[in-house]
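Okay, here's what each chain looks like letter by letter:
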Amino acid sequence: MDQIMDFLTSKPLAEMAADPRVLFGTAVVFVLAVLFRWKYVLLFLFAIGATMAVLRTSGGGGSSDIVVDRSMMLFIGGTIVIAVVLIYFLFIRED
């Protein structure tokens, strides 16, 4: 257990998300969630994955104010889309 905690606290989030062990574990959890129809686990994986994608896409940035404005708009728009999808699947859609 100590080794797992050391692994989780030793790396930055972006570097840990690209680690093959983390990707494999996420894929296994995703397959299990699909097979067992775990709605909340799938929504959690979607939220984490989509947020990481938005952060990676909008994090390019530069020294220009225009680039910062575009990155901020992309971040805000992506976050709103993620929130709308989560609200729809959690509260509106009934299975």
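Everything quoted here is computed from the prediction, not taken from an experiment.

Asker: Even after reading the chapter, I still don't get helix H3 (residues 20-36), so can you show me in this structure?
Answerer: Along an α-helix, a turn takes 3.6 residues, which lines up residues three or four apart on a common side. The end-to-end C-alpha separation of H3 is 24 Å, in line with the 24 Å expected for 17 residues at 1.5 Å each. Directly after H3, the chain includes Arg 37, whose backbone phi takes a positive value near 55°.

Asker: What exactly am I supposed to notice about the packing of H3 against helix H4 (residues 39-58) here?
Answerer: For any two helices packed against each other, one specifies the crossing angle of their axes together with the interaxial distance. Put simply, H3 and H4 touch, their axes get as near as 8 Å, and they point 145° apart. When the axes of H3 and H4 are compared, the crossing they make is left-handed. Residues Thr 26, Val 29, Phe 30, Ala 33 and Val 34 of H3 form the contact with H4, whose participating residues are Val 41, Leu 42 and Leu 45. Of the residues belonging to the contact of H3 with H4, the class tally is seven nonpolar, one polar and no charged.

Asker: Can you help me understand a nonpolar patch on the surface in this one?
Answerer: A grouping of Phe 24, Val 28, Phe 30, Val 31, Leu 32, Val 34, Leu 35, Phe 36 and Trp 38 is seen on the molecular surface, where their side chains present a nonpolar patch of about 890 Å² in accessible area. The residue Trp 38 is located in the loop between H3 and H4 in this model. Residue classification places Trp 38 among the partly exposed residues on the basis of a relative accessible area of 39%.

Asker: How do you make sense of the packing of aromatic side chains when you look at a structure like this?
Answerer: Any pair of aromatic rings gets described here by the distance separating the centres and the angle formed by the planes. Taken as a whole, this structure holds two aromatic pairs when the rule is applied. Between Phe 36 and Trp 38, the ring centres sit 5.2 Å apart and the planes meet at 25°, which makes this aromatic pair stacked. Phe 36 sits in the exposed class, given a relative accessible area of 53%.

Asker: Is there a simple way to think about the pattern of salt bridges in this case?
Answerer: Side chains bearing opposite charge may pair, as long as their charged atoms lie close to each other. Summed over the entire model, instances satisfying the criterion amount to two salt bridges. Measuring nitrogen to oxygen at the nearest pair gives 2.9 Å for the salt bridge that ties Asp 19 to Lys 11. Lys 11 gets classed as partly exposed once you look at its relative accessible area, which sits at 24%. The residue Asp 19 makes a salt bridge to Arg 21 at a minimum N-O spacing of 3.3 Å. Via salt bridges that share partners, Lys 11, Asp 19 and Arg 21 belong to a single interconnected network.

Asker: Before we go on, may I ask you to explain the layout of surface pockets in this structure?
Answerer: In this approach a probe as big as a water molecule rolls over the atoms, and the regions it shows empty are the leftover space. Its volume calculated, the largest pocket comes out at about 540 Å³. In this structure, the largest pocket is lined by 18 residues; those nearest its centre are Ala 17, Val 22, Thr 26, Ile 48 and Met 52. When residues of the lining of the largest pocket are traced back to their parent elements, those giving at least two are helix H2 (13-17), H3 and H4. At nine residues, H4 tops the list of elements feeding residues into the lining of the largest pocket. Looking at the lining of the largest pocket residue by residue, the class counts come to 13 nonpolar, four polar and one charged.

The rules we used
- Residues numbered from 1 in each chain as written.
- Predicted model: local features only at pLDDT ≥ 70, side-chain atom pairs only at ≥ 80, totals over all residues.
- Heavy atoms only, no water.
- Helix = DSSP H or I, 4+ residues; strand = E, 2+ residues; numbered from the N terminus.
- Expected span 1.5 Å × (residues − 1).
- Axes fitted to C-alpha atoms, helices over the stretch in contact; angles between N-to-C directions.
- Left-handed = near helix turned anticlockwise from the far one by under 90°.
- Contact = heavy atoms within 4.5 Å.
- Nonpolar A, V, L, I, M, F, W, Y, C, P; charged D, E, K, R; others polar.
- Patch = residues over 30% accessible without salt bridge, like charges linked within 9 Å, V, L, I, M, F, W, Y side chains within 5 Å.
- Areas by Shrake-Rupley, 256 points an atom, 1.4 Å probe, with all protein chains shown as cover.
- Salt bridge = Lys/Arg side-chain N within 4 Å of Asp/Glu carboxyl O.
- Buried < 20%, exposed > 50% of the residue type's maximum accessible area, 1.4 Å probe, protein only.
- Phe/Tyr/Trp six-rings, centres within 6.5 Å; stacked < 30°, edge-to-face > 60°.
- 1 Å grid on protein atoms, 1.4 Å probe; cavity = no way out; pocket = protein on both sides within 12 Å on 5 of 7 lines; lining within 4 Å.
- Points joined across faces, edges and corners; volume = space filled by probe spheres on them.

Treat this as a map of the structure, not an account of what it does.
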